[in-house]
Amino acid sequence: MSNHTDEYELLLEVALGVAREAAELTERERRRGLEVGTKSTATDLVTGADRAVERLIADLLRRRRPADALLGEEYGAGLGPARSGAGTPAQETRVTWVVDPIDGTVNYVYGIPIYAVSIAAQIAGVTVVGVVRNPATGEQWSAVRGGGAWRDGKRLVTSQVDDLGRCLVATGFGYDAARRAHQAGVVAQLLPRVRDIRRLGAASLDLCYVAEGRVDAFFERGLNLWDQAAGELIAIEAGARVGGLRGAAAGPDMVLAAPPLLYDQLADLLAALDADTGP
Ligand code: IPD
């Protein structure tokens, strides 16, 4: 085993333990009753649980990995080492944890069992470990760079579909009304050309579903790094190609994940529909 692999396995073990405890708290909070508020728009929900779970994740990581940085959906970098009272980290921060405490908050609030704790470890901006856990079903997906993608002990491979007409495509929509109108237009053009569309409501799970072949492909404009990082590695390690359109890398403009034989067909169509531009 190379040193790299040893380090990645250590990070994986930490991520798995943290994801399990975070998922338990997610479910305890739901049983206790949720306080629901809004963020960027009236449709963008946040709960006290989102914040409590992110604080728990930060505490657990600080205990096991005091020098590492943290980027989370609810507090940004605010719960990282500089603010933890620990002062300057003892050693140079190499690892950054990228965390979505509850991806799929709208489903969580409505009791639809499609939401996830998403935890990625990055080194120099490259995701080396990803764990996505659905607290409602107990399903857990994980990947280590170069080590394949796994769910509950089973190695994952994407679907082998290679023509658009037989492709089940997952997608998602932003919270801004103008962006949604544009995204609806893209879907209206796409729907007649593919098998069907799914809108699951949690991007990290969409990417895990691509890894597992539960859907053939996924695309969304406007994702944040915490929605993307862990699921992206899991999809890649299952053999998916993940990127943007017009040769760009995956990012806020577009995240497209598809089996390699399907990728260019879908990317060309989405580019023709301007799925990565506009509001
Ligand atoms: C959202 C979900 C949703 C996607 C949105 C994300 P959140 O994350 O992943 O599927 O369409 O773009 O913001 O707000 O539930 O953590």
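Residues numbered from 1 in each chain as written. Predicted model: local features only at pLDDT ≥ 70, side-chain atom pairs only at ≥ 80, totals over all residues. Heavy atoms only, no water.

Comments concerning the overall build of the protein chain
- From N to C terminus, the protein chain includes 7 helices and 14 strands.
- Against the compact-globule benchmark of 19 Å for 279 residues, the protein chain has a radius of gyration of 18 Å, which places it among compact chains.
- Reported as C-alpha extents along the three principal axes, the dimensions of the protein chain are approximately 55 × 45 × 30 Å.
- Burial analysis of the protein chain (279 residues in total) assigns 54% to the buried set.
- Accessible surface, the protein chain: about 12000 Å² in total, of which carbon and sulfur atoms supply 50%.
- Here the protein chain contributes 30 positively and 37 negatively charged side chains, and the mean placements of these two sets differ by 3 Å. (Helix = DSSP H or I, 4+ residues; strand = E, 2+ residues; numbered from the N terminus. Rg over C-alpha atoms; globule rule 2.2 N^0.38 Å. Buried < 20%, exposed > 50% of the residue type's maximum accessible area, 1.4 Å probe, protein only. Areas by Shrake-Rupley, 256 points an atom, 1.4 Å probe, with all protein chains shown as cover. Lys, Arg positive; Asp, Glu negative; His and termini not counted. Charge placed at Lys NZ, Arg CZ, Asp CG, Glu CD.)

Re empty space enclosed by the protein
- Inspection of every chain in the model, using the stated rule, returns 2 cavities of 30 Å³ or more.
- The computed volume of the largest cavity comes to approximately 60 Å³.
- Every residue lining the largest cavity is counted, 12 residues in all, and those nearest its centre are Ala-58, Leu-61, Arg-62, Asp-68 and Leu-70.
- Taken together, the elements giving at least two residues each to the lining of the largest cavity come down to α2 (48–64) and β3 (69–72).
- Among the elements that take part in the lining of the largest cavity, α2 stands out by supplying 3 residues, more than any other.
- Here the lining of the largest cavity is built from residues that sort into 8 nonpolar, 1 polar and 3 charged.
- Of the volumes computed, that of the second largest cavity is approximately 60 Å³. (1 Å grid on protein atoms, 1.4 Å probe; cavity = no way out; pocket = protein on both sides within 12 Å on 5 of 7 lines; lining within 4 Å. Points joined across faces, edges and corners; volume = space filled by probe spheres on them. Nonpolar A, V, L, I, M, F, W, Y, C, P; charged D, E, K, R; others polar.)

A closer look at the environment of Leu-45
- Summarising the element assignment, Leu-45 is placed in strand β2 (residues 45–47).
- C-alpha separation for the pair Leu-45 and Leu-60, spaced 15 residues apart in sequence, amounts to 25 Å.
- Setting aside residues up to four positions removed in sequence, Leu-45 forms contacts with Val-36, Gly-37, Thr-38, Lys-39, Thr-105, Val-106 and Val-109. (Contact = heavy atoms within 4.5 Å.)

Quick look at the nonpolar core
- Membership of the largest hydrophobic core comes to 35 residues, with the highest contact counts inside it found for Val-132, Trp-141, Leu-205, Phe-218, Ile-234 and Val-242.
- Ranked by residue count, the leading element in this core is helix α5 (residues 203–212), at 7 residues.
- Contacts of Val-132, omitting those with residues within four sequence positions, involve Ala-116, Val-117, Ser-118, Glu-139, Gln-140, Trp-141, Ser-204, Leu-205, Cys-208, Ala-230, Gly-231 and Ile-234.
- In this structure, Leu-12, Ala-19, Ala-121 and Val-144 belong to the second largest nonpolar core, which totals 33 residues. (Core = buried A, V, L, I, M, F, W, Y, C linked by side-chain atoms within 4.5 Å.)

Structural notes on the site of the ligand
- Taken together, 16 residues form the shell around the ligand, and within it Asp-103, Gly-104, Thr-105, Ala-203 and Glu-220 come nearest.
- Glu-73 is positioned with one of its side-chain polar atoms (N or O) 2.9 Å from an oxygen atom of the ligand.
- Considered on its own, the ligand offers 380 Å² of accessible surface; in the complex 95% of this is hidden by protein.
- One can see that the ligand is located within the largest pocket.
- A per-element tally of the shell around the ligand places strand β4 (residues 95–103) first, with 3 residues.
- Of the residues that constitute the shell around the ligand, the class distribution is 6 nonpolar, 4 polar and 6 charged. (Near = heavy atom within 4 Å. Polar contact = N/O pair within 3.5 Å; in protein donor to acceptor, adjacent residues only side chain to side chain. Sits in = over half its atoms within 2 Å of the grid points.)

Thoughts on α5
- Within α5, 10 of the 10 residues are buried, which leaves the element mostly enclosed by the surrounding structure.
- Listed in full, the buried residues belonging to α5 are Ala-203, Ser-204, Leu-205, Asp-206, Leu-207, Cys-208, Tyr-209, Val-210, Ala-211 and Glu-212.
- Gly-213 occupies a position one or two residues after α5 and carries a positive phi of about 75 degrees.

Description of the pattern of salt bridges
- On inspection of all chains with the given rule, the structure shows 19 salt bridges.
- We note a salt bridge from Glu-29 to Arg-32, for which the minimum N-O separation is 3.1 Å. You can see Glu-29 and its partner Arg-32 sitting in helix α1 (residues 3–32), 3 residues apart, about one turn around the helix.
- Residue classification places Glu-29 among the buried positions, given a relative accessible area of 11%.
- Overlapping salt bridges bring together Glu-139, Arg-151, Asp-152, Lys-154, Glu-212 and Arg-214 as one network. (Salt bridge = Lys/Arg side-chain N within 4 Å of Asp/Glu carboxyl O.)

Quick word on the packing of aromatic side chains
- Following the criterion strictly, the structure yields 2 aromatic pairs and no others.
- Ring plane angle 70 degrees and centroid distance 4.9 Å describe the contact between Tyr-108 and Tyr-115, whose orientation is recorded as edge-to-face. Assigned by exposure class, Tyr-108 and Tyr-115 land together as buried.
- With centroids separated by 6.3 Å and ring planes inclined at 45 degrees, the aromatic side chains of Trp-141 and Tyr-209 adopt a geometry described as tilted. (Phe/Tyr/Trp six-rings, centres within 6.5 Å; stacked < 30°, edge-to-face > 60°.)

Thoughts on the layout of surface pockets
- One number sums up the size of the largest pocket: a volume of about 560 Å³.
- If you trace the largest pocket, you find 32 residues lining it, with Phe-173, Gly-174, Tyr-175, Glu-220 and Asp-227 closest to the centre.
- For the lining of the largest pocket, the secondary structure elements donating two or more residues are β4, α3 (105–110), α4 (177–190), α5 and α6 (225–237).
- Grouping the amino acids of the lining of the largest pocket by side-chain chemistry returns 10 nonpolar, 9 polar and 13 charged.

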